[in-house]
Amino acid sequence: MAFFLPGVSHAQATPTTANWISSPGVIGTLVLIGIVLLVAALVVGARVDRMLKDLRRANDAQKQKPTLIDHRGLVSDATSDPDIPLVDEKKTVGSLAMDVPEGLRRMILWYLGSAVIWLVFGTLVGQYVGMKFVWPDMDQISWLSFGRLRPVHTNTVFWGWASLAMIGLGYFVVTRTSGASVPSLRNGWRALWLMNGSIVLGNVLLMAGINNGGGEYREYIWPAMLPFALGLFLTFRNFYGTVKRRTIGEIYISNWYILAALTWTLVLVTIGYLPWYQNGLGETVIQGYYMHQGVGMWFMTFTLGLLYYYLPSAFNRPIYSYSLGVLAFWTQMLFYTMIGTHHFVFAPLPWWLQTVAIVFSVGMFIPVIAGTTNFLMTMRGSWSAIGKSYVLPFFLVAVVFYFVGSTQGSLQAFRFTNHMWHFTDFNVAHSHMTMYGIITFALWACMYAIVPRITGREPSQLLVGAHFWMAFIGLFAYMISLMAGGSIKGLQWIDGKPFIDTVIGSRPYWIWRAIGGSLMFLSHLLFAWNFIVMARRDRHAEHPEQLTTEPAVLERSPVTA
């Protein structure tokens, strides 16, 4: 590449802080933050509008309430309000429960239940680690040191919470969209125990100081990661076998994303743990590949597959455009595979390789815009629905953060913004913007949408609302504080300020980090309780109504391979 682009490998320039605010990456990031604020205002507006309408309706009903004489006590209330819905809204989901085979239903709930446990544990560790930024002398125990607990937090929420939740939700999607049963429930259970065992073993070893040498998100040594890889292989066999034996001619687009995510991840884990590449700068290249592919080709790709089923189903309408879905799928497969090196801009790697990573990062605008447009157009006209339910705002936040987080990542790949923000707290903010704002909010939305339909029990809308706002406000406080602190720190580094001065100056931002993290953790406790309520089998769900048709998501012909 250097031969065809002479001089490129020596084209490095020294960044300065002059006019940093006018950098395209900085301006774009500020615009994206404004979009998040706008969405928050829209959700608040929808809820307030709904509350005001309910209040006016109640007042009108009170004024027009007819006089009723009921000597037998058979009537509890009467109204003449013609706007009260009779069939479009239900207080319970008993009549909406889906006929899911008992073995599959039980396995899905165990996957989701395991994920919830790991979410609470992993974020409890993260909460403790965040408090260490404010009170670094909290303890003197080696097992609880920051260097050991931080990878416990990240690996637990990655492989324990997000991965198990995705797989549990995926089992429902592949069986529903294929019209076929899982080839082997036994393999599904084996995979669950293998992956849970891998996380337990890996975390114990990390806390004991036994790790893979600092490779981010692959700190588990290979004997601890091997059971997880075997679990992924068994999961792939089950998912592929279900799609293969489908009774529907076409392959629904969700299954494209899900099978692609499993295929890529099996390749990724193999490459990331092979010893032959782990020498010198080769290890750096592999680390960038592994780290970014883990987020993009496993979590993002799989979650997008879930959204292509659960989001249209929740809004009771087909996906807006399968053509946009195909465009997003193939461009994501193309561009995401080459962007890992943008984590090492200005590192001692070939300049052409860094440039290719930046160019492909910009290319990610295509699948992101295509996917976001598809989801938002599917949600169009649902303003009143978002005001009535808290499940739909979870979907809205996930879709908006998909655009905001992914676009901000592309902007951060530019050379100046990368030089200013990399290795600062800004990167932590970006990772939470994506893994939390996109993946976690999407998983919550899917779980709130489907678990009541397979168990017959709904959680308290008050607690779901409290969960939503605590998580959203906590994420926003966490994200903005670290973005601001990271930007100031990066500019000071460029100006040659002493490192210890930048550490001392970060303290106010770390306090807000702890406040935001505390709100997020408390929201997870509420979510855990909501899941317990939903997962308990209700007596009305013992004989659920058999659905005679697929949800509206399948009203149009799925994409063919």
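Shown above is the structure to which this text applies.
Residues numbered from 1 in each chain as written. Predicted model: local features only at pLDDT ≥ 70, side-chain atom pairs only at ≥ 80, totals over all residues. Heavy atoms only, no water.

Draft legend 1. Geometry of the pattern of salt bridges. Following the criterion strictly, the structure yields five salt bridges and no others. The partner of K132 in a salt bridge is D139, and the shortest N-O contact between them spans 2.8 Å. Given a relative accessible area of 9%, K132 falls into the buried group. The salt bridge involving D425 is made with K489; its shortest N-O contact spans 3.5 Å. Pair noted here: D425 is in helix α14 (residues 425-455) and K489 is in helix α15 (residues 461-494), with a separation of 64 residues, a long-range link. Residues D425 and K489 agree in their burial class; the two are buried. (Salt bridge = Lys/Arg side-chain N within 4 Å of Asp/Glu carboxyl O. Buried < 20%, exposed > 50% of the residue type's maximum accessible area, 1.4 Å probe, protein only. Helix = DSSP H or I, 4+ residues; strand = E, 2+ residues; numbered from the N terminus.)

Draft legend 2. Structural context of the nonpolar core. If you look at the biggest cluster of nonpolar residues, it comprises 157 residues, and the most contacted ones within it are W159, W161, W298, L306, Y310, F395 and F441. Among the elements that line this core, the one with the most residues is α14, at 20 residues. Among all residues touching W161, those that are not within four sequence positions of it are A115, V116, W118, L119, T156, T440, L443, W444, M447 and F527. (Core = buried A, V, L, I, M, F, W, Y, C linked by side-chain atoms within 4.5 Å. Contact = heavy atoms within 4.5 Å.)

Draft legend 3. Here's a closer look at the packing of helix α3 (residues 146-178) against helix α7 (residues 280-314). The N-to-C vectors of α3 and α7 enclose an angle of 35 degrees; their axes lie 10 Å apart at closest approach. Regarding α3 and α7, the two cross each other, and that crossing is left-handed. Contacts between α3 and α7 involve F158, W159, A162, S163, M166, I167, L169, G170, F172, V173, R176 and T177 from the first element and Y290, V295, W298, F299, F302, T303, L306, Y309 and Y310 from the second. Classifying every residue of the contact of α3 with α7 by side-chain character gives 16 nonpolar, four polar and one charged. (Axes fitted to C-alpha atoms, helices over the stretch in contact; angles between N-to-C directions. Left-handed = near helix turned anticlockwise from the far one by under 90°. Nonpolar A, V, L, I, M, F, W, Y, C, P; charged D, E, K, R; others polar.)

Draft legend 4. Structural detail: empty space enclosed by the protein. All chains considered together, the criterion is met by one cavity of 30 Å³ or more. G485, I488, K489, Q492, T502, G505, S506 and Y509 are the residues that line the largest cavity. If you list the elements that add at least two residues to the lining of the largest cavity, you get α15 and α16 (499-505). At four residues, the largest contribution of residues to the lining of the largest cavity is made by α15. Looking at the lining of the largest cavity, its residues break down into two nonpolar, five polar and one charged. (1 Å grid on protein atoms, 1.4 Å probe; cavity = no way out; pocket = protein on both sides within 12 Å on 5 of 7 lines; lining within 4 Å. Points joined across faces, edges and corners; volume = space filled by probe spheres on them.)

Draft legend 5. Spatial organisation of a nonpolar patch on the surface. Side chains of I141, W143, V200 and V204 sit close together on the surface and give an oily, nonpolar patch of about 360 Å² of accessible area. Among the secondary structure elements, W143 is positioned in the loop between α2 (102-134) and α3. According to the relative accessible area criterion, W143 is partly exposed, its value standing at 40%. (Patch = residues over 30% accessible without salt bridge, like charges linked within 9 Å, V, L, I, M, F, W, Y side chains within 5 Å. Areas by Shrake-Rupley, 256 points an atom, 1.4 Å probe, with all protein chains shown as cover.)

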